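Observations on chain architecture
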Amino acid sequence: MDSRLPTGTVTFLFTDIESSTKLWEADPEMARVAIARHDELVRDAIVGAGGYVFKTVGDAFCAAFADAADAVAAALRAQTALTAESWPGTTPIKARMALHTGVVESRDGDYFGKPIYRLSRLLSTGHGGQTLLSQATSELSRDSLPEAASLRDLGAHQLRDLARPEQVYELCHPALPGTFPPIRSLSTHANNLPHRLTSFIGREKVITEIEALLARTRLLTLTGAGGSGKTRLGLQLAADELARFPSGAWYVELAPLSDPDLLPQTVATVLGVKEKQGQQITQTLAEHIGRKQLLLLLDNCEHLLDASAILADALLRQCPGVQILATSREALGITGEQSYRVPSLSLPAREQAATPRSLSDYESVRLFNDRASLVRADFQVTDENAPALASLCRRLDGIPLAIELAAARVRSFSVEEIENRLDQRFALLTGGSRTALPRQQTLRALVDWSYDLLTDSERLLWQRLSVFAGGWTGAAAAQVCAGEGIKAEEVADLLIALGDKSVVTAELLDESPRYRLLETLRQYGRERLAESGDIGRTRERHRDCFLALAEEAVPKLQGAEQAAWLSRLEEEHENLRAGLDWCLVEEAAESGLRFCGALQRFWLMRGHLAEARDWCARVLEKPGAGEPTAIRAIALNTAGAVAVYQCNYPAARALFEESLAIARQSGDRKRMAALLNNLGVMAFEQGDYSAARAYHEQSLALARELADRTSIANSLGNLGATALDQSDYEAARARYVECLAITRELGDRYHIAITLRSLGNIARLQGDPATAGMLLEEALAIVRELGDRGGIAGTLALLGEVAYDRGKYPDAQRLHQEALAIFRDLGDGRGTAGALESVADADAALGNAVRAARLWGAAERLREEIGTPLTPRSRPGYDRSVAAAREVLGDDEVFERTWAEGRASTLEYAIGRALAETADSG
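The numbering scheme is per chain: residues are counted from 1 as the chain's sequence reads. Given that this is a predicted model, residues contribute local features only at a pLDDT of at least 70 and side-chain atom pairs are listed and counted only at 80 or more, while totals for whole chains, interfaces and linings are drawn from all residues. Here the side-chain values reflect all heavy atoms present in the structure, with hydrogen atoms and water set aside.

As for empty space enclosed by the protein
A 1.4 Å probe that fits but cannot get out identifies a cavity on a 1 Å grid over protein atoms alone, an open set with protein on both sides within 12 Å along at least five of seven lines counts as a pocket, and a residue lines either if it has an atom within 4 Å of a point. Grid points are joined across faces, edges and corners, and a volume is the space filled by probe spheres set on the points. Under the counting rule described, the total for this entry stands at 2 cavities of 30 Å³ or more. As for the second largest cavity, its lining consists of A225, G226, R329, L446, V447, S450, W462, K501, S502, V503 and L521. Every helix listed is a DSSP run of H or I at least four residues long, and every strand listed is a run of E at least two residues long, numbered separately from the N terminus. Considering every element that reaches the lining of the second largest cavity, the biggest residue donor is helix 17 (residues 443–452), with 3 residues. Each residue gets one of three labels, nonpolar for Ala, Val, Leu, Ile, Met, Phe, Trp, Tyr, Cys and Pro, charged for Asp, Glu, Lys and Arg, and polar for the others, Gly among them. Here the residues of the lining of the second largest cavity are counted per class, giving 6 nonpolar, 3 polar and 2 charged.

Put into structure tokens, the structure is as follows:
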């Protein structure tokens, strides 16, 4: 931490320029010059008084002082300098300033804590040229004010979104302007906005967007699911916009109201309007408002939608100065209405490392932290609970009410325990504020409220949609949800209705909508579906829908459409998993075997190896899956291919041989060709080249007899690989060239990339790095497009070899490290061993023989464990690198000891050392 940063009890000075946006719009060049001069004057004043500028945002300064008197002196010096300056143009620069003192936490050059938040609210009430002090700062500085300076008591003011009022003081001096309008606090404008007892967290971007919408519409409706924070956001916006409405901002709570006829009277009561005999209350209300400029906040309109729409339309037509801000599950649906769907709070990414610092930027985490500290004063986000907290916020979809209810449970449970219990969230998330509406005291009551407002068909669709995982398309919804009570042609309209009511969310992907339920709403729907007794039939339709999709993809993944279909299957991955899971639950062995067979290429190309192996093992063991059928043979082949990728060769051989026996028994020659090819790949990886060549030649002969172009290309490619690893480059090139012609004809970009990569490697080995680089870059572009992580790693590794051959050892090291990280994540032992050796080669070339020896030792042990020896082609270069490193080290005993340490280390440790940005000395 910077030693200049004040800590403990700190006085803060915040500043910003009044109407700076208008300055830029009027004359950008003049604004640039003027604001640069402003920045110079303010910074000089702060630094000259011993302050520390810890943040600037645009034209705003945030400064910290160890002493309150120094902070006041800095503010006075800055304001007098700005007042005395001759500004270009006709508009002087006026800055508002505010000071507050409190105990804060400092971290990474920034400050955190409630005093910062209070000061921001105090600053927002001021005017250009005005300096405001909190009670705390005034008490600490009063006896040490600069000469001729004084403090004017402006009284106690309710600052928006703060529970405790603030006694506000204005800094006065003969050199400063003497009069300002009343400050912009809730206490100085007509309103009935409730004082909130908890702070408003985040939503800065949302507030900005809504303010822009409110500036150009007279009716803005905030929509969203229950608990999404519509009410709180509406109140915050009303407080922020209060100064724009001379006749005030008025909050009308509709949730307790059950009779729509009483709505106009309720609004009239809030505004203090009395009924007139013989006149409808709506007309009396309109006459009272007349041309007054006021903001009307109608909260929770969803159960009185028609009445709210009628009243809003009447007031907007008859009262030109009124603006209406409404909150509702769905829009009111009248002319001129602008709706805004309130998003969930921002969430940590699933792949992001969760630490207290990394999580502090996310609104959902900040809300949990704030509310948890209210019920347990010692609560803190720590390195230990941060991962569980990130997961908890994601699983609650960033829904503010759900997060607040979860935070309340820290009285009794740790964050980890709360996260573990979320599968029973409707029982867990209870105990909200006793003063809240009953439906806001528990999560179930809130969702019950939304559910009860729906039609029978809408409820039924909600229940059935709960079987989807990770979203769905409209076509899938029709296929899965149509049935008793819902016709297929009704599904689209019902989806729109649930979207309008904030139950279903939709986003456009490639011009087509994709729908989803928030996880909380999905679990609720699943419970209701289980209660109805319809869950089995619905999950069965869901399983059949996604099995059909997986089988439709099989031929598509072998041709020109494979990139699009890989993306489609990835998008539906959660649904495919759910379909497989139902096969296991219901012991639907045939469907499970079909899933495993259909998903083979998707699993392998996208690197879902561990998952694929688990699914195959579980399905193959189910009762009814043991019959020697064609679909069992296909599933066995998938399991064997995955085992080869994971270097589990004994398991792969058993799986392939059983599959081959079934294929021979049934006379399925196409399947036989594929299995002979796979047995050849396994033999090749174990270094048995004669067996590999024999298998591939048998496979090729069968494929040619069948005129199966895909199988012919596969066998040719594998024969090329066998020749290449035995350094027969001309034979390898001939096989690859023929293979490439077929794969280009088929449009099989996956195998095009593999073949280009192999041809690039041949060019490298024959001393043509330019051609090698060109072919490899083309291959890399294809595998990146396909999302083929194994292909990406393999191509990066070969590009690393090209860089090594050119003497670009740092580039080689970086490329091999990238490849190693991917091979590790995929669980590819053969690729991991090769990448460790290649990083070691680069280390040795860079002079770090110690780390190289360790990595070679770790790789040697890994190759022994998985049964994958070095290829004959690789052995000479490997031996040369090891010998050179041994010579650089100059001590055989140290070299051997270091090598042995590498063999004895865990694989994860060795990989971690290899992935270090710079080679250390050991």
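On we go from here.
Regarding the confidence of the model for the protein chain
One number per residue, pLDDT, summarises how confident the predictor is, and it ranges from 0 to 100. Taken as a whole, the protein chain shows an average pLDDT of 88; of its residues, 95% reach a score of 70 or greater. Across the protein chain, element-level confidence peaks in strand 7 (residues 131–133) with a mean pLDDT of 96 and bottoms out in helix 1 (residues 20–26) with 67.

Considerations on a negative patch on the surface
Patch membership is restricted to residues that have no salt bridge and whose relative accessible area is over 30%. Joining uses 9 Å for like charges and 5 Å for the nonpolar side chains Val, Leu, Ile, Met, Phe, Trp and Tyr. Only the protein chains shown count as cover for residues, and the accessible areas themselves come from Shrake-Rupley with a 1.4 Å probe. What makes a salt bridge here is a side-chain nitrogen of Lys or Arg within 4 Å of a carboxyl oxygen of Asp or Glu, nothing more. In this tally Asp and Glu are treated as negative and Lys and Arg as positive; neither His nor the chain ends contributes. Where a charge sits is defined by one atom per residue type, namely NZ (Lys), CZ (Arg), CG (Asp) or CD (Glu). On the surface, a cluster of negative charge is contributed by D383, E384, E416 and E417. Relative to the assigned elements, E417 resides in helix 15 (residues 415–420).

Observations concerning the pattern of salt bridges
Using the criterion set out here, one finds 57 salt bridges in the structure. Between R376 and D378 there is a salt bridge, and its shortest N-O distance comes to 3.0 Å. Three exposure classes are used, based on accessible area relative to the maximum for each residue type with a 1.4 Å probe and protein chains only: buried under 20%, partly exposed in between, and exposed over 50%. Classification of D378 as exposed rests on a relative accessible area of 55%. Residue D892 is joined to R886 by a salt bridge in which the shortest nitrogen-to-oxygen separation is 3.7 Å. Classification of D892 by relative accessible area gives partly exposed; the value is 47%.

Focus on unusual backbone geometry
A positive phi is found at A148, a non-glycine position, where the angle reads about 70 degrees. Relative to the helices and strands, A148 resides in the loop between helix 5 (135–141) and strand 8 (150–157). Its identity is not glycine, yet N300 carries a phi of approximately 65 degrees, on the positive side. Relative to the helices and strands, N300 is located in the loop between strand 12 (294–299) and helix 10 (305–318).

Quick notes on the sheet that holds strand 11 (residues 249–253)
Strand order in the open sheet formed by 5 strands is 11-12-13-10-14, with parallel pairing between adjacent strands. The open sheet has two edge strands with one neighbour each: strand 11 and strand 14 (337–341). The sheet shows a mean angle of 20 degrees between the axes of neighbouring strands, taken without regard to direction. Note on pairing: DSSP must find at least two bridges between two strands before they are called paired. To get an axis, a line is fitted to the C-alpha atoms, and for a helix only the part in contact is used. The angle between two axes follows their N-to-C directions and goes from 0 to 180 degrees.

Here we look at the pairing of strand 13 (residues 322–328)
For strand 13, a buried count of 7 out of 7 residues is recorded, marking the element as mostly surrounded by other parts of the structure. Across the two faces of strand 13 the burial is the same, with V322, I324, A326 and S328 and Q323, L325 and T327 all buried. Bridge count for strand 10 (residues 219–223) against strand 13 is 5 bridges, and the pairing is parallel. Bridged to L222 within strand 13 is T327. Judged from the 5 bridges that link them, strand 12 and strand 13 form a sheet pairing that is parallel. Within strand 13, the position partnered with L296 by the bridge is I324. The crossover handedness rule: strands pointing away from the viewer, path from first strand over the helix to second strand clockwise, crossover right-handed. Between the parallel pair strand 12 and strand 13, the chain is carried across by helix 10, and the sense of this crossover is right-handed.

Describing the sheet that holds strand 1 (residues 9–17)
What the 7 strands build is an open sheet, ordered 2-3-1-4-7-9-8; its pairing is mixed. Each edge of the open sheet is held by one strand with a lone partner, namely strand 2 (52–57) and strand 8. On average, adjacent strands in this sheet sit at an angle of 25 degrees to one another, irrespective of strand direction. Alignment of strand 2 against strand 3 (residues 60–65), held across 5 bridges, turns out to be antiparallel. Note on strand 3: the bridge partner recorded for K55 is C62. A contact between two residues is defined here by any heavy atoms of the two lying within 4.5 Å. With respect to the sheet, helix 2 (residues 28–48) is in contact with strand 1, strand 2, strand 3 and strand 4 (95–103), its orientation differing from that of strand 3 by roughly 5 degrees. Against the sheet, helix 3 (residues 68–84) engages strand 1, strand 3, strand 4, strand 7 and strand 9 (166–172), with an angle of about 175 degrees to strand 4.

Regarding the pairing of strand 11
Across the 5 residues of strand 11, 4 count as buried, placing the element largely inside the fold. One ladder, built from 5 bridges, connects strand 11 with strand 12; its direction is parallel. Across the sheet, the residue bridging to Y251 is L297, located in strand 12.

What to know about helix 25 (residues 589–598)
Since the α-helix packs 3.6 residues into each turn, any two residues three or four apart lie on the same face. Extensive coverage of helix 25 is indicated by the burial of 8 of its 10 residues. By the burial criterion, the buried members of helix 25 are A589, S591, G592, L593, F595, C596, G597 and A598. Looking at the buried residues of helix 25, the elements they touch are helix 22 (535–556), helix 24 (573–585), helix 26 (600–605), helix 27 (609–620) and helix 28 (630–645).

Description of the nonpolar core
Counting residues in hydrophobic clusters, the biggest one holds 162 residues, and the most contacted among them are F368, W462, L465 and W856. Setting aside residues no more than four positions away along its own chain, F368 makes contact with F379, L389, L392, I403, A406, A407, V410 and V415. Core analysis: the second largest hydrophobic core is formed by 32 residues, L219, L271, A286 and L315 among them. In this text, buried Ala, Val, Leu, Ile, Met, Phe, Trp, Tyr and Cys residues form a nonpolar core when linked through side-chain atoms within 4.5 Å.

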